[in-house]
Amino acid sequence: MHILGIETSCDETAAAVVRNGGEVRANVISSQITTHAAYGGVVPELAAREHLKAMPIVAAAALRESGLGMAGLSAIAVTNHPGLVPALLVGVSFAKGLARRLNLPLIGINHTLAHVYGAFLDQTARLEQPATYPILALAVSGGHTLLLLITAEGRARVLGSTIDDAAGEAFDKGAKILSLGYPGGPVIDRLAKTGDPKAVAFPRGLLPRSGHPVDPENRLNFSFSGLKTALLYHVKGRTLEGQELADVVASYQAAIVDTLVAKTVLAVRDSGARTAVLCGGVACNSALREAARLAAARAGFDLVVAPPKYCTDNAAMIAGMAWHALRRGQVSGPDLHVAARLPADLGRVPFAPGAG
Amino acid sequence: MSPSSSHSDITTASAAETEAFARGLAARLPDGCVVTLNGDLGAGKTVFARGLARGLGITEPVTSPTFTIVQEYPRPGGGWFYHLDLYRIRGADDALAFGLEEFLFQPHTLTVIEWPERLGDLLETELPAGARHVPVQITALDDTRRTIRLPADLAGM
């Protein structure tokens, strides 16, 4: 069964065709980064307009690349939450129209859970094994910093999240303070490689320091707002250059990475998870990938790091996860809604083996 | 209320004090008003917004709306707390295209707007009779101390 997936939750217009949940036949992404770079971030209406222009082109390209005609599709899947509402509406409206026209089932997909699924796209058999569960996922992007626990029965809950800024936002705002441009992640990753991560002692939000235990309710939560302020006051309006810039960037990145990894290890220990997953756009960061691998080896848990092409927003993860929903009869109606926020109740995770 | 009306300057010594001041201020704000928060990156605008939310009895995490532009929080007992961040909005046209007016001057609602300078004079144009716009300016004195400038009648002194 081939499913066409559509993804427009943020600044990427993406379409993909995936067979039986894991065989990616086409994965097309129209990156809008060059359009947004001028504004230092994502402008929602602008994003919606760009999505509207790109959507039919990207979908047609995915179908062409897959070698299938529309007649070869079994269902249409689309991200309907969470994300930017005007942007989500473009993808959902397009998917609804196509499903109606082709008389195919429509499947609304949770973007965050799809990111977890995307980490397994090259090895979906692992998701069929009960021994892989519970899965503890760190889903980390421009809009989210979440620790999610998924059981073999398909229950999912949020164990922790940011109480202020998302980790990706910390990268973007840090880059803004240092005049490095947008998006901040790739440039910080690159510059940090030549800097000393111990040069500046930036704060690790909500991590215990000697004599300063963390409030129990924030044990698995994140805070990056204080880090941004610390960078601001370290820089004090100066324009940093050369080695000093590289050292500050490396130290800033280290504070984000240390916090993400320490909380993930803590969450694995607390929850008894058998597998940890690193996913979302920030999971592209090379220092984070390396630090997570070291921590997993030291603490002795399995770690699945999403391949970079499935870290950033894509529709292959949407079409892949939708196959499991379709198998279990979890199909959406024509009244499929969009929502900006992740709901408190994440519902049943369709790819878990016991999701029944 | 004209911009030249008298204002007060409050100095806070820490983020916790800034949040506590905003928590107290929430009770003094008229229903349906819009609070605009001016201040640089890192001035503590989100901390201030969180304080207002706590003052309204909202206990859930108040997180940065930079990515989503708006975060909506139901208030215990009805009504809404809207937290907007226009950092990524270019101007009034974009704000209106986003549907900003739906979040302004609504009954049983407190609206807080970060980076309001993106709106130009849109707020004054949309201001209904009897409604109030409360401008708040946060200025960093050093890495922890802040001066909060707001209309004198709301300073609670």
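Residues numbered from 1 in each chain as written. Chains lettered and ligands numbered in written order. Predicted model: local features only at pLDDT ≥ 70, side-chain atom pairs only at ≥ 80, totals over all residues. Heavy atoms only, no water.

J.: Could you give me a rundown of the overall build of chain A, with the residues and numbers involved?
T.: Per the secondary structure count, chain A includes twelve helices and ten strands. In summary, chain A has a C-alpha radius of gyration of 20 Å against a globular reference of 21 Å for 356 residues, a match within 12%. Principal-axis analysis of the C-alpha atoms gives chain A an extent of 60 × 45 × 30 Å. Sorting the 356 residues of chain A into buried and exposed places 58% on the buried side. (Helix = DSSP H or I, 4+ residues; strand = E, 2+ residues; numbered from the N terminus. Rg over C-alpha atoms; globule rule 2.2 N^0.38 Å. Buried < 20%, exposed > 50% of the residue type's maximum accessible area, 1.4 Å probe, protein only.)

J.: Tell me about the overall build of chain B, and please be specific about residues and values.
T.: A tally of regular secondary structure across chain B gives four helices and seven strands. The C-alpha atoms of chain B give a radius of gyration of 14 Å, which matches the 15 Å a tight globule of 157 residues would have. The 157 residues of chain B split such that 54% are buried. Looking at chain B alone, contacts between residues at least 24 apart form 63% of all its contacts between residues at least 6 apart. On chain B, the mean spot of the 13 positive side-chain charges and the mean spot of the 20 negative ones are 6 Å from each other. (Contact = heavy atoms within 4.5 Å. Lys, Arg positive; Asp, Glu negative; His and termini not counted. Charge placed at Lys NZ, Arg CZ, Asp CG, Glu CD.)

J.: I'd like to hear about the sheet that holds strand 1 (residues 2-7) of chain A, residue by residue, with values.
T.: All names here are of chain A. If you walk across this open sheet you meet the five strands as 3-2-1-4-5, and the pairing is mixed. At either end of the open sheet lies a strand with only one pairing partner, and these are strand 3 (23-31) and strand 5 (106-110). Neighbouring strand axes in the sheet, compared pairwise and without regard to direction, differ in orientation by 20° on average. Sheet topology note: the strand 4 (residues 73-81)/strand 5 ladder contains five bridges and is parallel. (Pairing = 2+ DSSP bridges. Axes fitted to C-alpha atoms, helices over the stretch in contact; angles between N-to-C directions.)

J.: Please set out the domain arrangement of chain A residue by residue, giving values where relevant.
T.: Entries for chain A in the domain assignment read domain 1 (2-117 + 312-327) and domain 2 (130-306). Summarising the inter-unit geometry, the C-alpha centres of domain 1 of chain A and domain 2 of chain A are found 27 Å apart. (Domains from an automatic or database assignment.)

J.: Summarise the interface of chain B and chain A; cite the residues concerned and give the values.
T.: Facing the 25 residues of chain B at the interface are 27 residues of chain A. Counting each side, the surface lost to burial between chain B and chain A is near 2300 Å², with a carbon and sulfur contribution of 59%. Our count for the contact surface shared by chain B and chain A stands at one salt bridge. Among the ionic pairs, B:Glu60 bridges to A:Arg341, the shortest N-O distance being 3.0 Å. The interface formed by chain B and chain A holds eight residue pairs in polar contact (both at pLDDT 80 or more) in total. Of the residues contributing to the side of chain B that touches chain A, the split by class is nine nonpolar, six polar and ten charged. (Buried area = accessible area lost by both parts, 1.4 Å probe. Salt bridge = Lys/Arg side-chain N within 4 Å of Asp/Glu carboxyl O. Polar contact = N/O pair within 3.5 Å; in protein donor to acceptor, adjacent residues only side chain to side chain. Nonpolar A, V, L, I, M, F, W, Y, C, P; charged D, E, K, R; others polar.)

J.: Talk me through the pairing of strand 5 (residues 109-114) of chain B; I want residue IDs and the actual numbers.
T.: All names here are of chain B. Across the six residues of strand 5, six count as buried, placing the element largely inside the fold. Residues Thr109, Thr111 and Ile113 point to one face of strand 5 and Leu110, Val112 and Glu114 to the other, with burial holding for every one of them. Note that strand 2 (residues 34-38) and strand 5 share four bridges and pair parallel. Across the sheet, residue Leu37 finds its bridge partner in strand 5, namely Glu114. In this sheet, strand 5 lies alongside strand 4 (residues 80-85) in parallel orientation, the contact comprising six bridges. The residue of strand 5 that forms the bridge with Leu84 is Ile113. In the classification by handedness, the crossover that spans strand 4, the intervening helix 3 (residues 92-98) and the parallel strand 5 is right-handed. (Right-handed = clockwise from strand over helix to strand, strands pointing away.)

J.: I'd like a rundown of the packing of aromatic side chains, residues and numbers included.
T.: Scanning all chains against the criterion turns up eight aromatic pairs over all chains. A ring pair is formed by B:Trp80 and B:Tyr82, whose centres lie 6.1 Å apart and whose planes are at 15°; its orientation type is stacked. For the cation-ring pair, A:Lys173 lies above B:Tyr87, with the distance from its terminal atom to the ring centre recorded as 5.3 Å. Just above the ring of B:Tyr73 sits the side chain of A:Arg341; from NZ or CZ to the centre is 5.2 Å. (Phe/Tyr/Trp six-rings, centres within 6.5 Å; stacked < 30°, edge-to-face > 60°. Lys NZ or Arg CZ within 6 Å of the ring centre and 35° of its normal.)

J.: Residue-level account of the packing of helix 7 (residues 184-192) of chain A against helix 9 (residues 242-271) of chain A, with values.
T.: Residue and element names in this part refer to chain A. Put simply, helix 7 and helix 9 touch, their axes get as near as 8 Å, and they point 115° apart. The pairing of helix 7 with helix 9 is recorded here as roughly perpendicular in orientation. Helix-helix and strand crossings are classified by hand; for helix 7 and helix 9 the assignment is left-handed. For the pair helix 7 and helix 9, the contacting residues are Ile188, Asp189, Leu191 and Ala192 in the first and Leu245, Ala246, Val249, Ala250 and Gln253 in the second. (Parallel < 35°, antiparallel > 145°, perpendicular 65-115°, else oblique. Left-handed = near helix turned anticlockwise from the far one by under 90°.)

J.: I'd like a description of helix 8 (residues 225-235) of chain A, backed by residues and values.
T.: Every buried residue of helix 8 of chain A is listed here: A:Ser225, A:Leu227, A:Lys228, A:Thr229, A:Leu231 and A:Val235. On the buried face of helix 8 of chain A, the contacting elements are helix 6 (167-177) and helix 9 of chain A together with strand 7 (146-151) of chain B. Directly after helix 8 of chain A, the chain includes A:Lys236, whose backbone phi takes a positive value near 50°.

J.: Describe the nonpolar core, listing the residues and the values that go with them.
T.: With 117 residues, the main nonpolar core has A:Ile150, A:Leu178, A:Ile256, A:Leu260, A:Val277, A:Phe351 and B:Leu86 as its most contacted residues. Here this core gets 14 residues from one element, more than from any other, and that element is helix 9 of chain A. Looking at which domains feed residues into this core, each of domain 1 (2-117 + 312-327) and domain 2 (130-306) of chain A supplies at least three. What A:Val277 contacts, discounting residues up to four positions off in sequence, is A:Val116, A:Ala119, A:Phe120, A:Ile135, A:Leu136, A:Ala137, A:Leu138 and A:Val304. (Core = buried A, V, L, I, M, F, W, Y, C linked by side-chain atoms within 4.5 Å.)

J.: Could you give me a rundown of helix 4 (residues 111-119) of chain A, with the residues and numbers involved?
T.: Residue and element names in this part refer to chain A. For helix 4, the buried fraction is high: nine of the nine residues fall into the buried class. The set of residues buried in helix 4 consists of His111, Thr112, Leu113, Ala114, His115, Val116, Tyr117, Gly118 and Ala119. N-cap assignment for helix 4: the residue whose side-chain oxygen lies 2.8 Å from the backbone N of Thr112 is Asn110.

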